[in-house]
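Single-letter residue listing:
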Amino acid sequence: MSGPIRVVGGAEGPGVRNDHHPAARSGRLDLAGLGFDAFRDQPLDEATLRCLRYMHDVEHHTVCYLRDILVTPAHQDPEVTTFLTTWAYEEHWHGEAIGDVLARHGEGANAQRVAPLRGGLGVRDRLAPLVHGVASALVGRDYTALQMAWGALNELTTQAGYARLAAQAQHPVLTDLLGRIMRQEGRHIAFYRGQAQRCLETSRRARTLTRFALERRWRPVGSDVMPGEEVAFLVRHLFADDEGRRAAARIDRQMDRLPGLDGLALVDGAVQRLAT
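Quick caveat: nothing in here was measured; it's all calculated off a predicted structure. (Residues numbered from 1 in each chain as written. Predicted model: local features only at pLDDT ≥ 70, side-chain atom pairs only at ≥ 80, totals over all residues. Heavy atoms only, no water.)

(A) Spotlight on the overall build of the protein chain. Regarding its fold elements, the protein chain presents twelve helices and two strands. When the elements of the protein chain are put in sequence order from the N terminus, they spell out β-β-α-α-α-α-α-α-α-α-α-α-α-α. Relative to its length of 276 residues, the protein chain is compact, with a C-alpha radius of gyration of 19 Å against a globular reference of 19 Å. Expressed along its principal axes, the backbone C-alpha trace of the protein chain runs to roughly 55 × 45 × 35 Å. A buried classification covers 52% of the 276 residues belonging to the protein chain. Counting only contacts in the protein chain whose residues sit at least 6 apart along the sequence, the fraction spanning at least 24 positions is 79%. Seen as two clouds, the 34 positive and the 34 negative side-chain charges of the protein chain have centres 4 Å apart. (Helix = DSSP H or I, 4+ residues; strand = E, 2+ residues; numbered from the N terminus. Rg over C-alpha atoms; globule rule 2.2 N^0.38 Å. Buried < 20%, exposed > 50% of the residue type's maximum accessible area, 1.4 Å probe, protein only. Contact = heavy atoms within 4.5 Å. Lys, Arg positive; Asp, Glu negative; His and termini not counted. Charge placed at Lys NZ, Arg CZ, Asp CG, Glu CD.)

(B) Highlighting the packing of aromatic side chains. By the definition in use, this model includes six aromatic pairs. The interplanar angle of 85° and the centroid separation of 5.1 Å between the aromatic rings of F83 and Y192 together place this pair among those described as edge-to-face. Linking F83 in helix 4 (residues 78-104) with Y192 in helix 8 (residues 172-201), this pair joins segments that are 109 residues apart in sequence. Where Y89 meets W93, the ring centres are 6.4 Å apart and the plane angle is 70°; that geometry is what we call edge-to-face. (Phe/Tyr/Trp six-rings, centres within 6.5 Å; stacked < 30°, edge-to-face > 60°.)

(C) Fine view of a positive patch on the surface. Among the surface-exposed residues, R124, R217, R219 and R273 lie close enough to one another that they form a single positively charged patch. Inspection of the secondary structure puts R219 in the loop between helix 9 (204-217) and helix 10 (228-239). (Patch = residues over 30% accessible without salt bridge, like charges linked within 9 Å, V, L, I, M, F, W, Y side chains within 5 Å. Areas by Shrake-Rupley, 256 points an atom, 1.4 Å probe, with all protein chains shown as cover. Salt bridge = Lys/Arg side-chain N within 4 Å of Asp/Glu carboxyl O.)

(D) Structural context of the pattern of salt bridges. Tallying each qualifying case throughout the model produces 16 salt bridges. E230 is the partner of R50 in a salt bridge, and the nearest nitrogen-oxygen pair spans 2.9 Å. One end of the pair, R50, is in helix 2 (residues 46-60); the other, E230, is in helix 10, and 180 residues separate them in sequence. The partly exposed category is assigned to R50, whose relative accessible area is 25%. For E230, a relative accessible area of 19% gives the class buried. Salt-bridge contacts for R53 lead to E107; the nearest nitrogen and oxygen are separated by 2.8 Å. Of the two residues, R53 is situated in helix 2 and E107 in the loop between helix 4 and helix 5 (111-119); the sequence distance between them amounts to 54 residues. Since its relative accessible area comes to 17%, R53 is described here as buried. According to the relative accessible area criterion, E107 is partly exposed, its value standing at 21%. Look at the salt bridges and you will find they share partners, linking D37, R40 and R104 into a network.

(E) Just helix 9, in detail. Counted at 1.5 Å a residue, the expected span for helix 9 with its 14 residues is 20 Å, and the 20 Å between its end C-alpha atoms agrees. Listing the buried residues of helix 9 in full gives A206, T210, A213 and L214. End-on, the buried residues of helix 9 take up no more than an arc of 95°, which puts them together on one face. Facing away from the buried side of helix 9 by more than 90 degrees, the exposed set consists of R204 and T208. Residues of helix 9 that are buried make contact with helix 7 (142-169), helix 8 and helix 12 (266-274). (Expected span 1.5 Å × (residues − 1). Arc of directions from axis to C-beta.)

(F) Representation of helix 11 (residues 242-256). The end-to-end C-alpha distance of helix 11, which contains 15 residues, comes to 21 Å, matching closely the 21 Å that a straight helix rising 1.5 Å per residue would cover. By the burial criterion, the buried members of helix 11 are G244, A247, A248, I251, D252 and M255. Looking straight down helix 11, one finds its buried side chains confined to an arc of 140°; they lie on one side. Where helix 11 is buried, its residues contact helix 7, helix 10 and helix 12.

(G) Broad picture of the side chain of T48. Topologically, T48 is positioned in helix 2. Take T48: its relative accessible area is 2%, and that puts it in the buried class. Separated by 2.8 Å, the side chains of T48 and D45 make a polar contact. For T48, the residues in contact, after removing those within four places along its chain, are L165, A169 and L174. (Polar contact = N/O pair within 3.5 Å; in protein donor to acceptor, adjacent residues only side chain to side chain.)

(H) Quick look at the nonpolar core. Grouped together as the largest cluster of nonpolar side chains are 78 residues, with contacts concentrated most on L52 and L214. It is helix 7 that contributes the most residues to this core, 13 residues altogether. With residues near it in sequence (within four places) discarded, L52 still touches L44, I98, V101, L102, L165 and L174. (Core = buried A, V, L, I, M, F, W, Y, C linked by side-chain atoms within 4.5 Å.)

(I) Quick look at the side chain of T82. Along the polypeptide, T82 turns up in helix 4. The class of T82 is buried, set by a relative accessible area of 18%. Within the structure, the side chain of T82 is placed 2.7 Å from the backbone oxygen of P78, a separation counted as a polar contact.

Given below as structure tokens:
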């Protein structure tokens with residue numbers, strides 16, 4: 001998984017090696033040298049563990065988000081599907097690593113925790129592929145612009161959430177672990193944002209659709225999986241203070257740079273709505 005990949009087709013032609021694609025540097029999260037046993041001597045506080053449970057569950061749900069993307073025209077783009085393959089792989093191991101932290105605190109994690117979570121999601125989750133399939137069939141390829149912009153926003157907030165949790169917890173092993181996760185998340189952000197830029201700048205219809213959908217439907221990542229009180233707690237704990245508000249504003253400024261999406265202030269709006 002760590003070696004170079006080949007992209008079929010695309011601007012470089014069939015069979016040409018693309019060492020600049022994020023998947024060229026993909027791989028299982030490196031945990032070498034991390035002293036997980038330190039959590040037994042220096043356990044995390046309950047607020048930090050509550051955030052980690054949320055992050056664990058959402059990371060493990062990535063494969064279900066992948067399921068919903070692949071029923072849309074995005075699956076026809078080999079560059080996108082190459083990225084999505086490695087994205088889901090890396091996110092899985094993020095969840096496993098966070099699960100190891102939870103396990104050191106005597107909690108159920110990974111498959112033990114994920115199975116009942118997925119089993120309890122209900123009919124809305126089962127219908128999600130149908131909803132995305134029908135919507136994208138009606139909209140066409142412009143639906144990919146929405147997916148890429150949505151993915152960029154989710155990855156930006158995820159990375160910022162990890163940074164805020166590390167700063168608040170002040171635990172050296174957790175800080176090291178989250179830093180390693182954040183570096184991989186940075187590559188995910190770059191891909192989603194680059195694809196969103198390309199899709200949005202070439203289609204006015206895509207800009208209109210994406211702005212409309214984000215403004216009316218976007219919620220913090222995990223809102224469709226986690227209970228409402230857990231979403232509110234996470235946002236309040238990580239983003240309600242001055243530094244958290246500045247982090248939210250930085251994300252909104254990055255989204256402002258995408259064609260047609262300036263001024264939405266989606267993250268700041270979510271913090272105001274959930275953190276009060």
